[in-house]
Amino acid sequence: MSFTFYATHSPFSDPGELVHAYGDLPRDPAELACIARDLVIHRLEGDLFGHTHPVDRLHNDAETRYVDDILRILVARDDAPLHVRREVGDRFVGTCRDFSLLHCSFLRQAGIPARIRIGFADYFGSNGFHCDHVVTEYWDEERGWLFADAQLADPFVTGHWNVDFDPMDVPRDRFLVAGEAWRAIRERGADPTTFGLHPPAEGPFWGERYVSGSIRLDLAALNKVETLLWDVWGEDEGKPGEPLPESSREFYDRVAPVTYGEVSFDAARKLFAEDDTLRTPKTVTCYAPFNGPSLVALR
């Protein structure tokens, strides 16, 4: 049942009326990752590509939750077939979530089980920091579930970050899903200051509180609710950077194991459906990095 679930679209991954644009796409997961990479540029990759993002695109593109809306933006800028590499100035200005969701959408359209996973990568630098990140997890008939990082599917980008592994098979000790990061901190003595959006010197978005929010996002994604990374629900009243209360630590000690290792589809579905703190409501609070907070009703 889980394979069927992950091989079909969610409201977030569905190309909708633009499904015809998928008609000429290949079925190979690696080729599809390259296509996703060539349609998107990360908000933070302007200098890497020698490009200055227009302010409106920098502020607004990555607020696009749904693939059909991403496709409309792409087609409006260049109506070539999707497999045609876009000039940098015509790409969608997104984040890691957008590379991965688009790749996931392509895979699902091809009938390949796929889901996005939220966690922390250690390969964007050499300082031991585990950076907030999103990858695709897809089913390989011979090897099972594999992590793919479509953001790395351009050799130029791979070389820039000195990546020494196949982006279609990211080692599970280089990308930790959020629940595994929680386990590393709580059970293995990992330094919580090395997990987050940025190190503590750059702001408050790190540590146990940040990882717990990522667990909620990852559990939602396992249930095909692939929200923006700054969509928030089920929070306690604490502020970013403040320690979690012990009751919250104990809560995530129970939740985290459902999301890592050999994920039980039934357990992930049951937990998400039955827990009001974890289940995504119809309306979430969006803390848009450039545009500020707002309430957003999901499809």
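Quick look at the structure, then. All of these numbers come straight from a predicted model, not from anything done at the bench.

Two descriptors summarise a pair of aromatic rings, namely the distance from one centre to the other and the angle between the planes of the rings. Considering all chains together, one arrives at 19 aromatic pairs under this definition. Geometrically, the ring pair formed by Tyr6 and Phe265 is edge-to-face, given 5.9 Å between the ring centres and 80° between the ring planes. Highlighted residues: Tyr6 in helix α1 (residues 2-6) and Phe265 in helix α10 (residues 265-274), separated in sequence by 259 residues. Overall, Phe265 belongs to the buried group, its relative accessible area being 12%. Between Phe205 and Tyr210 the ring centres are 6.5 Å apart and the planes differ by 70°, which places this aromatic pair in the edge-to-face class. Put simply, the rings of Phe3, Phe5, Tyr6, Trp139, Trp145 and Phe265 touch in pairs and so form one group of aromatic residues.

Take α10 next. Along α10, the residues classified as buried are Phe265, Ala268 and Phe272. One side of α10 holds all its buried residues, which, seen down the axis, span an arc of 70°. Seen from the buried face of α10, the exposed residues on the opposite side, beyond 90 degrees, are Asp266 and Glu274. Structurally, α10 contributes buried residues whose contacts are with α1 and α8 (207-222).

Quick notes on the rules
Residues numbered from 1 in each chain as written. Predicted model: local features only at pLDDT ≥ 70, side-chain atom pairs only at ≥ 80, totals over all residues. Heavy atoms only, no water. Phe/Tyr/Trp six-rings, centres within 6.5 Å; stacked < 30°, edge-to-face > 60°. Helix = DSSP H or I, 4+ residues; strand = E, 2+ residues; numbered from the N terminus. Buried < 20%, exposed > 50% of the residue type's maximum accessible area, 1.4 Å probe, protein only. Arc of directions from axis to C-beta. Contact = heavy atoms within 4.5 Å.

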